[in-house]
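Each chain, letter by letter, is given below.
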Amino acid sequence: MSIEIAGVGKRFGDFVALDNVTVSIPSGRLTALLGPSGGGKSTLLRIIAGLERADTGRVEIEGIDATDLPPQKRNVGFVFQHYAAFKHMSVRRNVAFGLQIRKRPKDEIAERVDELLKLVHLQQFADRLPAQLSGGQRQRMALARALAIKPTVLLLDEPFGALDAKVRKELRDWLRRLHDEVEVTTVFVTHDQEEALEVADEIVVINDGRIEQIGSPDDLYDRPANDFVMRFLGPVTQLGDHLVRPHDLQISTTPAGPDDVAGQVSRITRIGFEIRIDVTTATGQAVIVTLTRNEFLALGLDVGTTVHLRITPGSPTTPAGPVPAEVPLEVATSSH
Amino acid sequence: MADTLVKPAPVKKASAGKAWTRKRGPVTYLIRLVVVTYLFFLVAWPVYLVGQNTFKKGFDDLRAILTDPDIVHALHLSVEIAIISVIINTVFGVTISILLVRYRFPGKRFLNALLDVPLSVSPVVVGLSLVLVYGGRNGWFGPTLESWGLQIIFAEAGMVMATVFVALPLVIREVVPVLEEVGEEQEQAARSLGANAWQTFRRITLPSIKWGIIYGVVLSLARSLGEFGAVKIVSGNVLGLTRTAPLVVEEKYLNFDKGGAYATAFLLALVAVASIIVVSVLRPKEDR
């Protein structure tokens, strides 16, 4: 285990950012800290980096107690959401910074910097200032700068948050490939569940200063520990007392079993390759079902058709808790 | 002096700026006229007249003061005191600015308010208060220092203190907004890359607040060179010993030596204007 966090708590005035958090982050993997804004995930990352001090608890990095170590002694690479580029230095000098601080020989620095610039595809921009780069390029430079010192762990705080959707997606794939290449223990913070599911080996879901669940993307998606994780990781709808993913509902025009719930189609919406069917059950519950286009055509549904719903056997469900304010049902459903 | 140093707004890209430029109607020209007239009669014309009066008799007046050993001493003294004060104010100003922006501590608001006192209190009051504390005979602290052989009042030390006091906020008020704008992330990045506090300051913080410091230094220099009230009280105004250039101007003016007064005033203004021009020429085109 590479990073051990034990009983870490942190308050900002009256606000509890982290409440007795204990988690182990595995070596050599790409781990996502996922959760809504203000949930404490960035605070945890900054505590690992030493940029913030925990009020209680301990942090251990690769077997070394880092709780009281200042950031410069932790050998941690940190990448900020807004790049934190050294504005008065060229790209090359930005990347070389950590090595110069470590007083490495000049030719060794030059060699390592060239190698890293190549890795992040910025060779031809070596002599530019950060202001002359695009957001994506700046973030790649920041990554190269953090990697230059051969960090024990690489920490990224919402690294793609400030970039536009297309660049974000490119950089996401690129980060995954880069991680496979350099194999450094990497932890990144994100509030985007799609990003976490796509990139990470391991996801730690953090909400309200507490850890909700730790697991692989498949674990979390297929076996959510509670309704918060269920809601946060993907679209959900409610049938009876169960939270279920809309694509895990079966729909038919004739009843197929004793537990079927009958209802009427109230609306049909086409969203890209999916068809979304709004069904109002006999008890007045609004349920959402998503179908592929072919399934939809085979059923021949129309507004007003009476249908029967059931949960596909074996699909993940959780008991429905109260709907949290920050993840309204509609938003969670349409974001898929 | 300070009025001429108002920083130009950050240079926006021409294309982006153009769309927002309003059409120039008669009101725009009227406002321009008012501003130009105002500045002309308040600043430009009086300063110009000092220059004109200096050269009324060609270079005679300037030559006269530059060959008078007492005045040359006063000019030397003024420059010396200004340079020492600026160095002190720069070191303390940058330190206090970092303290104010980067750290949270009890009494911060009070400290912040206290730093504006030198700007709001009349320099004469500053002089008097320094005499009350450090005065050799009756001062609160002065006799003790004097018994150790340290004379503050009526000596250069007191003059430096008075000058430091009146120019104290100038570096801080220039550096604080720059520090706030630059933010803490670059420093944190440097720390995570292994830099200690001093390395972070020298390699990251200092280059990013460089222009704020330079403006602060220029303002302080101008202010320190021209300080009159506080210095007059603590210096004792002894010719050839503790009389500075601004005191010479007053003395000459009161003694109906108008030519000498104008010539000394011109030299004082020249240094200040020159430093402002040098800074605006050196300043890089792209903002900071």
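In every chain, residue numbers begin from 1 and rise along the written sequence. Starting at A for chains and at 1 for ligands, labels are handed out in the order in which the entities are written. Only residues with pLDDT of at least 70 are given local features in this predicted model, and only at 80 or more are side-chain atom pairs given and counted; all residues enter the totals for whole chains, interfaces and linings. To get the side-chain values, take all heavy atoms of the structure and skip hydrogens and water.

All names here are of chain A. We define a salt bridge as a contact between a side-chain nitrogen of Lys or Arg and a carboxyl oxygen of Asp or Glu at a distance within 4 Å. On inspection of all chains with the given rule, the structure shows 31 salt bridges over all chains. As a salt-bridge pair, Asp65 and Arg58 come within 3.1 Å of each other at their nearest N and O atoms. The classification of residues rests on relative accessible area computed with a 1.4 Å probe and restricted to protein chains. Under 20% of the type maximum is buried, over 50% is exposed, and intermediate values are partly exposed. Accessibility expressed as a relative area gives 41% for Asp65, which makes it partly exposed. On the basis of relative accessibility, which here comes to 40%, the residue Arg58 falls in the partly exposed class. Here Asp227 makes a salt bridge to Arg231, at a shortest N to O gap of 3.8 Å. Highlighted residues: Asp227 and Arg231, both in helix H8 (residues 227-233), separated by 4 residues, approximately one helical turn. Three or more residues are tied together by salt bridges with common partners; here these are Lys169, Arg172, Asp192, Glu195 and Glu198. Note on conventions: DSSP H or I runs of at least 4 residues are helices, E runs of at least 2 residues are strands, and numbering of each starts at the N terminus.

Our focus in this paragraph is the interface of chain B and chain A. Residue contacts follow a heavy-atom distance rule, with two residues in contact if any of their heavy atoms lie within 4.5 Å. Listed as interface residues are 16 residues of chain B and, on the opposing side, 24 residues of chain A. Here the buried area means the combined drop in accessible surface, using a 1.4 Å probe, for two parts upon being joined, counting both sides. A combined buried area of about 1800 Å² lies between chain B and chain A, and 59% of that area is made up of carbon and sulfur atoms. For this analysis, a polar contact is any N or O atom pair within 3.5 Å, provided that within protein one partner can donate a hydrogen and the other can accept it, and provided that sequence-adjacent residues contribute only side-chain to side-chain pairs. Counting across the interface, chain B meets chain A through 4 residue pairs in polar contact (both at pLDDT 80 or more). Going through the elements one at a time, helix H10 (185-192) and helix H11 (197-226) of chain B are the ones with two or more residues in the side of chain B that touches chain A. Per-element tally for the side of chain B that touches chain A: the top contributor is H10(B), with 7 residues.

Here we come to the UniProt feature "transmembrane region" (unreviewed entry) in chain B. All names here are of chain B. UniProt positions are given in the numbering used here, feature names are shortened, and annotations may be inferred rather than shown by experiment. The UniProt entry lists residues 29-51, 71-101, 113-136, 148-172, 212-239 and 259-282 under the feature "transmembrane region" (unreviewed entry), expressed in the numbering used here. With 100% helix and 0% strand, residues 29-51 has end C-alpha atoms that lie 30 Å from one another. Annotated as 100% helix and 0% strand, the span residues 71-101 places its first and last C-alpha atoms 43 Å apart.

All names here are of chain A. Along the chain, Ser2 falls in the segment before strand E1 (3-12). For Ser2, a relative accessible area of 1% puts it in the buried group. Taking the C-alpha atoms as reference points, Ser2 and Leu122, separated by 120 residues in sequence, lie 30 Å from one another. Those residues in contact with Ser2, other than ones at most four positions away along the chain, are Ile25, Pro26, Ser27, Glu60, Ile61, Glu62, Val153 and Thr185.

Residues and elements named next belong to chain B. Lining residues are those with an atom within 4 Å of a point, where the points come from a 1 Å grid over the protein atoms alone and group into cavities, where a 1.4 Å probe fits but cannot get out, or pockets, open sets with protein on both sides within 12 Å along at least five of seven lines. Grid points are joined across faces, edges and corners, and a volume is the space filled by probe spheres set on the points. By the definition in use, this model includes 1 cavity of 30 Å³ or more. Of the volumes computed, that of the largest cavity is approximately 50 Å³. Taken together, Ser78, Ile81, Ala82, Thr163, Ser224, Leu225, Glu227, Val231, Thr244 and Pro246 form the lining of the largest cavity. At the level of elements, helix H4 (69-102) and H11 are the ones that each hand at least two residues to the lining of the largest cavity. The leading source of residues in the lining of the largest cavity is H4, at 3 residues.

Packed helices, taken two at a time, are described by the angle their axes make and the gap between the axes. All names here are of chain A. One can describe the packing of helix H4 (residues 135-148) onto helix H5 (residues 165-182) by two numbers: an axis separation of 11 Å at closest approach and a directional angle of 20°. As the angle between them shows, H4 and H5 are arranged roughly parallel. The two elements H4 and H5 cross, and the hand of that crossing is right-handed. Contacts between H4 and H5 involve Gly136, Gln139, Arg140, Leu143 and Leu147 from the former and Val167, Leu171, Trp174 and Leu178 from the latter. When grouped by side-chain class, the residues that make up the contact of H4 with H5 number 6 nonpolar, 2 polar and 1 charged. Axis angles are defined between N-to-C directions and span 0 to 180 degrees, where every axis is a line fitted to C-alpha atoms and, for a helix, only to the segment in contact. Here the angle decides the label: under 35 degrees means roughly parallel, over 145 means roughly antiparallel, 65 to 115 means roughly perpendicular, and every other value means oblique. By convention the crossing between two helices is left-handed if the near helix lies anticlockwise of the far one by an angle smaller than a right angle, and right-handed if it lies clockwise. Residues are grouped as follows: Ala, Val, Leu, Ile, Met, Phe, Trp, Tyr, Cys and Pro are nonpolar; Asp, Glu, Lys and Arg are charged; all remaining types, including Gly, are polar.

In the numbering used here, UniProt assigns the "domain: ABC transmembrane type-1" (unreviewed entry) feature to residues 75-283 of chain B. As annotated, residues 75-283 of chain B has a helix share of 78% and a strand share of 0%, and its two end C-alpha atoms lie 28 Å apart.

Further remarks concern the packing of aromatic side chains. Residues and elements named next belong to chain B. Two rings from Phe, Tyr or Trp (for Trp, the six-membered ring) form a pair when their centres sit within 6.5 Å of each other. Planes less than 30 degrees apart are called stacked, planes more than 60 degrees apart edge-to-face, and all others tilted. Under the definition given, this model contains 11 aromatic pairs over all chains. Between Phe55 and Phe266, the ring centres sit 5.1 Å apart and the planes meet at 85°, which makes this aromatic pair edge-to-face. In this pair, Phe55 is assigned in the loop between helix H2 (26-54) and helix H3 (60-67) and Phe266 in helix H14 (residues 258-282), connecting sequence segments 211 residues apart. Overall, the relative accessible area of 32% leaves Phe55 in the partly exposed class.

Turning our attention to the packing of H4(B) against helix H13 (residues 245-254) of chain B. Residue and element names in this part refer to chain B. The geometry of H4 relative to H13 is characterised by a closest axis approach of 8 Å and an angle of 140° between their N-to-C directions. The angle between the axes of H4 and H13 places the two elements in the oblique class. Along the contact surface, H4 presents Ile71, Ala74, Leu75 and Ser78, while H13 presents Ala245, Pro246, Val248 and Lys252. Here the contact of H4 with H13 is built from residues that sort into 6 nonpolar, 1 polar and 1 charged.

With numbering matched to this structure, UniProt assigns "domain: ABC transporter" (unreviewed entry) to residues 3-233 of chain A. Between the C-alpha atoms that bound residues 3-233 of chain A the distance is 24 Å, and the span itself is 37% helix and 26% strand.

All right, on to the confidence of the model for chain B then. Summarising the model, chain B shows a mean pLDDT of 86, and 90% of its residues fall at 70 or more. The score called pLDDT rates the predictor's confidence residue by residue, from a low of 0 to a high of 100. The low-confidence segment residues 1-18 of chain B, where pLDDT is below 50, has 15 contacts with residues more than four positions distant or belonging to other chains.

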